Amino acid sequence: MPLTAKLNFSSRSLALFNLIGGGIITIGFIVIVGWLFHFKNLCGLLPNAAPMKFNTALCFLLLGAAFILLFYCDKYLPRRVCKALSYIVIGIAVLSLSQDAFGWSAGIDQLFVTDPWSYPFLLPGRMTPMVDFCFIAVGLSFLGIHSSHIAFRNMAQYLLHTVTIISLVVLMEYIFSASPQSSRFSMLTMMAVSTTLCFLLLSSAASAINYNLGFISIFTGSEIGNIVARKLFPRMVVILIVLGYVSVELERKNYISAEFGVILSTLSFLLISLFLIRDTLTDMNRLDLERSKAEEETKALNRNLEDMVMRRTLDLKQSNDRFIKILNSSPAGISLSSLDKGIYVDVNPSLLEILGYQRDEVIGHTSAELNIVTAETRKSMLSELHNKGYVRNADIVLKNKDGRELLCKFSAEFIDYNSQQFMISFLYDITDLKQVERNLQDAKKDLEILTDKLTYQNKRLLEFAQITSHNLRSPVSNLNLLIHFYKESETAEDKHDLWTNFETVVQHLNVTLDELLETLKIQEDTTKQREELAFNDVLSRVKDMLVGQIKESNAIFVTDFSKAPTIRYPKSYLESILLNLVSNAIKYRSPDRQPQIKIVADNVDGQLSLSVEDNGLGIDMIRHKQSLFGLRKTFHRHAEARGLGLFITKTQIEAMGGEISAESEVDKGTTFKVIFNKHF
Amino acid sequence: MSKPHILCFIDDDEIYQYTIARSVRTHELAKKTLIFGDGEQAIGYLTENLNNHEELPDIIFLDINMPIMDGWHFMDEFISLKPRLNKQIVIYMITSSVDPIDYDHAKRISEISDYIVKPIKPEMLRELVEKVERNNNLVN
């Protein structure tokens, strides 16, 4: 049963209902006690009043409990017990009524106690038919009061109203002291006064459960009509009862005639009604005034609200205008696109300018459709956006309408609009900037190369100064000494002898100067013409030049030019370099081994290199590392060692931006390695 | 005045060798003159005559730039040979190098008595020899 919603009474109402239920139970209990101990006054509750029957008291006891349980019917057990109690009461009442209807005895009238106070025309202990009816009505209404069908609930409500009216009628009879024996009508309605009160209480209280149904709804609403009803009805009831009583009393005491009594009470009722209506009218007018005042206040509030809304709207519009201005004048390309498919919803002029599109070519389309961005780029940007919640200055490549690639800085964020998620993105075209950056970098690189070149030109100049110092000083100092001796010489023979030495020194000086000039020439001529040369061709020409030595030494060549078969280089230099290295390898061969010369060309990341490895005498590298490539440095006592070849070789290689280095082990062999384009 | 010393010149320059020989001869500076074209030859001679007092030189005039074994290499070999040598030998470095690196290098080797830049005239050579003689006399 869907009860919970119906049972949301306030705790105060609930307490009142419990009190009523408890009161009924108490009355029933007191009456039962009265019967058991034969206190008549206790059974009638009032002195000299007719006693409530034992069975009636029992039924009230059960109904009182059932009434309380009605408010706990959302739980299973109370619901079952409440129903069971209602059924028992209905059963007792039906049984009792059937006795009257069919004139038989079920033996329930004096089942528990004997009834010595019954009226002579009634069977002892038996409840009157009206009481039976009322119990059946209340019992049935308790069963239907929580029904999910409105029809059952309505039925329950009207049954309760019926009981209320019956009990009111009986109560009137008591109040007007109408003799119970005086009419048939009275016999049917005859009830003990306590019973009547109990029914009145129980039925009106129970009808409040479904307060929006039946007559009770007239009094429970908050509309103005309900207020009037609540105000007028109780007063009118009281007035009618009082007037009725007074006129009945006066008539009975023969102060006035019956007709005059009716006229008197009617007139009095009209008069009092006028006062009542006036009173109610004043109240109503006051209420109406209050209501219209409240209405005015509401209207004022509304106006205020409208003003505020208008101001807000204006503010919003201004801020929107500002936003649009920012959007339209921003140098960044701004776009709003749907998150799921990337459909452009809005773009600013800068974006259109960057990408070269018209506005209507873009709106409603996706970047993938227009081929602005590759699927991978979009995917990676989206995943970054989802991971971090934003993208800041990511470098991406876009394509404009002409298909030209643009380097851009890309930033993006989520934005909620109409409860949908969008991506707002900012784009800066940095293609030109990148170009400038590249140019700068190129210029920087050029400068670095120039610095490199200058640095080692400087180094070579220093070396050259050393060479001049070393190689020109000694012949000059020799000349000095020879002149000194020549001056002191006395014999012609001695003079001749000295002259021969002069010639040697001058010759020596001549050779040295030639060598220095040769290196100077190489150093100056750094722009020597390069041409495409095959290492294999150059080597075979070198072998031709050295044919005699090769034959004599029986040298074997192992070559591998597969990784770098050709090089752009000055032909004479490459020949000279290879000639020097190969002839050195043969010249300084070991007498114990057949000379083997391994020549390998390599290309590592564009750096072309050539290594020449021999199995000759080797050089003590610890001692000679510094002077290996110096002028006039020889490391072997050898007829042909002039100490010139490696110096020229180094000069040529360095003039072309290369580098030469050597590794060697005495009596194992030497490896020279040339990197042709180390510096530029 | 008889000259007590054996002089030794280590230099690959033939003209220098000639001028030195001539200076020694003219000024009668030595009892005996030894001339080697490079350090290796000189070390070979010293090793052969380790205990031969009469054949070991008193003064060595050493060049730096020589093929095979240069002056510095010779000094390394000489220092390792020195404890076994039967004679106190004075070494002068005579070179055409004006490189400050060479000069500093020579200064750091205590066995080298002086660093002299070529050309070396006969008078200068005589002074150097006589300086050693004076010192030896003082010691004696």
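That block above? That's the structure.
Residues numbered from 1 in each chain as written. Chains lettered and ligands numbered in written order. Predicted model: local features only at pLDDT ≥ 70, side-chain atom pairs only at ≥ 80, totals over all residues. Heavy atoms only, no water.

## Things to note about the overall build of chain A
Looking only at helices and strands, one finds 21 helices and 12 strands in chain A. Put simply, chain A has 680 residues, and 41% of those count as buried. Considering only contacts within chain A whose residues lie at least 6 apart along the sequence, 62% involve residues at least 24 apart. Carbon together with sulfur atoms contributes 60% to the accessible area of chain A, which is approximately 38800 Å² in total. (Helix = DSSP H or I, 4+ residues; strand = E, 2+ residues; numbered from the N terminus. Buried < 20%, exposed > 50% of the residue type's maximum accessible area, 1.4 Å probe, protein only. Contact = heavy atoms within 4.5 Å. Areas by Shrake-Rupley, 256 points an atom, 1.4 Å probe, with all protein chains shown as cover.)

## Points about the pairing of strand β4 (residues 405-417) of chain A
Residues and elements named next belong to chain A. Where strand β3 (residues 390-399) lies against β4, eight bridges are found, and the strand directions are antiparallel. Counted as the bridge partner of Val397 is Leu407 from β4. Looking at chain direction, β4 and strand β5 (residues 420-429) are connected through 10 bridges and run antiparallel. The residue bridging Ala412 from the neighbouring strand is Ser425, located in β5. Between the antiparallel neighbours β4 and β5 lie two residues, among them Asn418 with a positive phi of about 50 degrees. (Pairing = 2+ DSSP bridges.)

## Focus: the packing of helix α1 (residues 11-37) of chain A against helix α3 (residues 54-70) of chain A
Residue and element names in this part refer to chain A. In the contact formed by α1 and α3, the axes pass within 8 Å of each other and the chain directions differ by 155 degrees. In terms of orientation, α1 lies roughly antiparallel with respect to α3. Crossing hand, α1 versus α3: left-handed. Seen from α1, the contacting residues are Phe17, Asn18, Ile20, Gly21, Gly22, Ile24, Ile25, Gly28, Phe29, Val31, Ile32 and Trp35; seen from α3, they are Phe54, Ala57, Leu58, Phe60, Leu61, Gly64, Ala65, Phe67 and Ile68. Class assignment for the residues of the contact of α1 with α3 results in 16 nonpolar, five polar and no charged. (Axes fitted to C-alpha atoms, helices over the stretch in contact; angles between N-to-C directions. Parallel < 35°, antiparallel > 145°, perpendicular 65-115°, else oblique. Left-handed = near helix turned anticlockwise from the far one by under 90°. Nonpolar A, V, L, I, M, F, W, Y, C, P; charged D, E, K, R; others polar.)

## As for the interface of chain B and chain A
Each side of the interface is counted separately: chain B has 27 residues, and chain A has 27 residues. The junction of chain B with chain A conceals about 2400 Å² of combined surface from both sides, 52% of it contributed by carbon and sulfur atoms. Looking at the side of chain B facing chain A, the largest losses of area belong to Ile15, Arg22 and Ile68 of chain B, adding up to 26% of the total buried there. Where chain B touches chain A, the interface holds one salt bridge. Linking chain B to chain A there are two residue pairs in polar contact (both at pLDDT 80 or more). Contributing elements (two or more residues each) for the side of chain B that touches chain A: α1 (14-27), α2 (39-48), α3 (71-81) and α5 (122-139) of chain B. (Buried area = accessible area lost by both parts, 1.4 Å probe. Salt bridge = Lys/Arg side-chain N within 4 Å of Asp/Glu carboxyl O. Polar contact = N/O pair within 3.5 Å; in protein donor to acceptor, adjacent residues only side chain to side chain.)

## Observations concerning a negative patch on the surface
A contiguous patch of negative charge on the surface is contributed by Glu488 and Glu490 of chain A together with Glu123 and Glu127 of chain B. As for its placement among the helices and strands, Glu488 of chain A is situated in helix α15 (residues 431-488). Judged by its relative accessible area of 40%, Glu488 of chain A falls in the partly exposed class. (Patch = residues over 30% accessible without salt bridge, like charges linked within 9 Å, V, L, I, M, F, W, Y side chains within 5 Å. Lys, Arg positive; Asp, Glu negative; His and termini not counted. Charge placed at Lys NZ, Arg CZ, Asp CG, Glu CD.)

## Section: the sheet that holds strand β11 (residues 659-665) of chain A
Where strands meet in a sheet, backbone hydrogen bonds hold them as pairs that are either parallel or antiparallel. Residue and element names in this part refer to chain A. The sheet built from five strands is open, its strands ordered β7-β9-β10-β12-β11 with mixed pairing. One side of each edge strand has no neighbouring strand; the edge strands of this open sheet are β7 (556-560) and β11. Geometrically, the sheet is characterised by an average inter-axis angle of 15 degrees between neighbouring strands, direction not taken into account. Sheet topology note: the strand β10 (residues 607-613)/strand β12 (residues 669-675) ladder contains five bridges and is antiparallel. Bridge assignment links Glu613 to a residue of β12, and that residue is Thr671. Relative to strand β9 (residues 596-604), helix α19 (residues 571-587) is tilted by about 145 degrees, and along the sheet it contacts β7, β9, β10, β11 and β12.

## With respect to α2 of chain B
All names here are of chain B. For α2, every residue scored as buried is listed here: Gly39, Ala42, Ile43, Tyr45 and Leu46. Viewed end-on, α2 has its buried residues packed into an arc of 160 degrees, placing them on one side of the element. Elements that come into contact with the buried residues of α2 comprise β1 (6-10), β2 (32-36), β3 (59-62) and α3. You can read the cap of α2 off the contacts: a side-chain oxygen lies 2.8 Å from the backbone nitrogen of Glu40, and it is on Asp38. (Arc of directions from axis to C-beta.)

## Some details on the nonpolar core
Residues and elements named next belong to chain A. Formed by 50 residues in total, the largest nonpolar core has its most connected members in Phe67, Phe135, Phe142 and Phe199. Within the residue set of this core, elements represented by two or more residues are α1, α3, α4 (76-102), α5 (129-144), α6 (150-175) and α8 (193-207). Not counting residues up to four positions away in its chain, the partners in contact with Phe135 are Thr56, Cys59, Phe60, Leu63, Val89, Ala93, Met127 and Phe199. Core analysis: the second largest hydrophobic core is formed by 42 residues, Ile577, Phe629, Val674 and Phe676 among them. (Core = buried A, V, L, I, M, F, W, Y, C linked by side-chain atoms within 4.5 Å.)

## A short note on the environment of Ala84 of chain A
Its location among the elements puts Ala84 of chain A in helix α4. A relative accessible area of 37% means that Ala84 of chain A is categorised as partly exposed.

## Describing the side chain of Asn501 of chain A
Mapped onto the secondary structure, Asn501 of chain A falls in helix α16 (residues 492-524). Take Asn501 of chain A: its relative accessible area is 11%, and that puts it in the buried class. The residues contacting Asn501 of chain A, other than those within four sequence positions of it, are Leu482 of chain A together with Ile15 and Tyr18 of chain B.

## Observations regarding a nonpolar patch on the surface
All names here are of chain A. Residues Ile175, Val238, Val242, Tyr245 and Val246 make up a contiguous nonpolar surface patch of about 390 Å² in total accessible area. When residues of the nonpolar patch are assigned to their parent elements, the largest contribution, four residues, is made by helix α10 (residues 224-252). Positionally, Val238 belongs in helix α10.

## Here we look at the packing of α1 of chain A against α8 of chain A
Residue and element names in this part refer to chain A. Packing of α1 against α8 brings their axes to within 11 Å, and their N-to-C directions diverge by 155 degrees. Accordingly, the angle class assigned to the pair α1 and α8 is roughly antiparallel. Two packed elements cross with a definite hand, and for α1 against α8 that hand is left-handed. Facing α1, whose interface residues are Phe17, Ile20, Ile24 and Ile27, α8 presents Cys198, Leu201, Leu202 and Ala205. A class-by-class count of the residues in the contact of α1 with α8 yields eight nonpolar, no polar and no charged.

## Some thoughts on the pattern of salt bridges
Residue and element names in this part refer to chain B. Inspection of the entire model under this criterion finds 26 salt bridges over all chains. A salt bridge links Lys31 to Glu54; the shortest N-O distance between them is 3.9 Å. On the criterion of sequence distance, the pair formed by Lys31 in the loop between α1 and β2 and Glu54 in the loop between α2 and β3 is long-range, its members being 23 residues apart. Among the salt bridges present, the one from Lys87 reaches Asp58, with a minimum N-O distance of 3.4 Å. Here Lys87 is found in the loop between α3 and β4 (90-95), whereas its partner Asp58 is found in the loop between α2 and β3, with 29 residues between them in sequence.

## Some points on the sheet that holds β3 of chain B
All names here are of chain B. Strand order in the open sheet formed by five strands is β2-β1-β3-β4-β5, with parallel pairing between adjacent strands. The outermost strands of the open sheet, each flanked by one partner alone, are β2 and β5 (112-117). Between one strand and the next, the sheet's axes are offset by a mean angle of 20 degrees, whatever the strand orientation. Strands in contact with α2 are β1, β2 and β3; relative to β2, the strand with the most contacts, it is inclined by about 135 degrees.

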